[in-house]
Amino acid sequence: MKAVVLEQVGQIRIREVDIQETLGPTDVRIRIANVGVCGSDVHYYKHGRIGGFVVREPMVLGHEASGVVMEVGPAVTHLKPGDRVCMEPGIYEPQSRQAMQGMYHLDPDIRFWATPPIHGCLRESVVHPASLTFKLPDNVSLEEGALVEPLTSGTHVARKVGISPGDTAVVTGAGTIGSLMALALIASGCSRVIITDVKQEKLDFLAKHYGERLIPFNVAKGELKDFVLQHFEHGADLFVDCSGNAAAIAAAPHCLRGGGKIVFVGMPQGPVPIDIVAMQVKEITTYSIFRYANDFERSVALIASGQINVKPLISRRFKFADSIEAFDYAASGQPDVIKVVINLMEPQAADA
């Protein structure tokens, strides 16, 4: 089958790959329809590694996907050929200690699409566990289905930290994860969310499409702490860093009220400083986040209900044959780009 392959740092090709996948009794075979280009895909393309995850051999990219079921294993009862689906990309060992404790995403042997050395889903078809494959409601398009994966980072945070009705939050970084994080927090009960970036075009876009409850702030134009206190008199209840930026992380304790919470989602390139005493005097709670678990269905439900509209976040669409152009465009850092989506099927056929 044809696939988008990262051959080495800075080199992507569309070529035939020989990936042998046997359909097991609890698996489904899926024709891929849409794949979102994630920041991690771009990082592997440009740098060849993220932390300890290093690309050492050619790897198929992509992990944000939707598709159409082609075939089901004999033990699968909740899906059938023709169903439109999205897929949770981390395949874990059910008997692992972490899975048995309900934290399967922390299984050290998890096989996560497009995380070295596991091949991703930017190819014509995949075989995937039916338990990690979710049927899309009729009113959710396959393009929207491809955004369920990044949205789930936000639904996972909202559930894990325990949003209370009326909470206020700060989200740093207005890329795909930060934007969807802010929307997930609002849908989960936050009354107002400040979202920050250094690219004014992204902030203007979010303000235009998502209204008064999402408050944009360009951190290149002022002090975040001062801006937060202008809007939330005693500080925010929650600070979610989606940037991995050292300055953003350092600002967190000073933007929170007493008893507030810091959530680390973005991954810094190395150790970063933070004022522990400033955290202690406010008894701030910290959460570290690695992907998600048991939250995919929540994300699908939030989109289907209309509580979260992900459609405006799709900045550009590319055909599969133009995937290299899509990656170069995503990597170019255009100030108004949030999400790039690659279409492997014609939209009309995919959502028929």
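Residues numbered from 1 in each chain as written. Predicted model: local features only at pLDDT ≥ 70, side-chain atom pairs only at ≥ 80, totals over all residues. Heavy atoms only, no water.

Q: Whenever I open this one, the nonpolar core confuses me. Can you help?
A: Across soluble globular proteins, nonpolar side chains show a tendency to be buried alongside one another. Counting 52 residues, the largest nonpolar core has Val171, Leu185, Val193, Leu214, Val240 and Val263 as the members making the most contacts within it. Broken down by secondary-structure element, the contributors of at least two residues to this core are helix H3 (142-146), helix H4 (148-161), strand E13 (168-172), helix H5 (176-187), strand E14 (192-197), helix H6 (200-210), strand E16 (236-241) and helix H10 (296-304). Among the elements that line this core, the one with the most residues is H5, at 7 residues. Excluding residues within four positions of it along the chain, Val171 makes contact with Gly178, Met181, Ala182, Leu185, Val193, Ile194, Ile195, Thr196, Val240 and Cys242. (Core = buried A, V, L, I, M, F, W, Y, C linked by side-chain atoms within 4.5 Å. Buried < 20%, exposed > 50% of the residue type's maximum accessible area, 1.4 Å probe, protein only. Helix = DSSP H or I, 4+ residues; strand = E, 2+ residues; numbered from the N terminus. Contact = heavy atoms within 4.5 Å.)

Q: Help me understand the sheet that holds strand E2 (residues 11-16), please; the structure alone is not making it clear to me.
A: Within a sheet, each strand pairs with its neighbour through backbone hydrogen bonds, oriented either parallel or antiparallel. Ordered in space as E2-E1-E6, the 3 strands form an open sheet in which the pairing is antiparallel. Either end of the sheet is taken by a strand with one partner, and the two such strands are E2 and strand E6 (59-60). Relative to E2, strand E1 (residues 2-8) is paired through 6 bridges, and the arrangement is antiparallel. From the neighbouring strand, Ala3 faces E2, where its bridge partner is Arg15. (Pairing = 2+ DSSP bridges.)

Q: Just to check I follow, could you spell out the sheet that holds E16 for this structure?
A: One open sheet accounts for 6 strands, arranged E15-E14-E13-E16-E17-E18; its pairing is parallel. Two strands bound the open sheet, and with one partner strand each, they are strand E15 (214-218) and strand E18 (285-288). Each strand of the sheet is rotated relative to its neighbour by a mean of 20 degrees, with strand direction disregarded. Looking at chain direction, E13 and E16 are connected through 4 bridges and run parallel. Residue pairing across strands places Thr172 opposite Asp241, the latter belonging to E16. Each of E13, E14, E15 and E16 touches H5; the most contacted strand, E14, lies at about 175 degrees to it. (Axes fitted to C-alpha atoms, helices over the stretch in contact; angles between N-to-C directions.)

Q: Just to check I follow, could you spell out the pattern of salt bridges for this structure?
A: Side chains carrying opposite charge are able to pair once their charged atoms draw close together. If you walk through the whole model with that rule in mind, you get 12 salt bridges. Glu143 is paired through a salt bridge with Arg317; the nearest N and O atoms lie 2.7 Å apart. Of this pair, Glu143 sits in helix H3 while Arg317 sits in strand E19 (residues 314-319), and the two are 174 residues apart along the sequence. For Glu143, a relative accessible area of 16% gives the class buried. Measuring nitrogen to oxygen at the nearest pair gives 2.6 Å for the salt bridge that ties Asp295 to Arg159. Here Asp295 is found in the loop between E18 and H10, whereas its partner Arg159 is found in helix H4, with 136 residues between them in sequence. (Salt bridge = Lys/Arg side-chain N within 4 Å of Asp/Glu carboxyl O.)

Q: What exactly am I supposed to notice about the packing of aromatic side chains here?
A: Here a ring pair, both rings aromatic, is described through the centre-centre distance and the interplanar angle of the planes. In this structure the tally under the stated criterion is 6 aromatic pairs. Aromatic pair Tyr45 and Phe327: ring centres 6.2 Å apart, planes at 90 degrees, arrangement edge-to-face. Here Tyr45, found in helix H1 (residues 39-47), pairs with Phe327, found in helix H11 (residues 323-331); they are 282 residues apart in sequence, far enough to count as distant. Comparing Tyr45 with Phe327, the two get one shared label, buried. (Phe/Tyr/Trp six-rings, centres within 6.5 Å; stacked < 30°, edge-to-face > 60°.)

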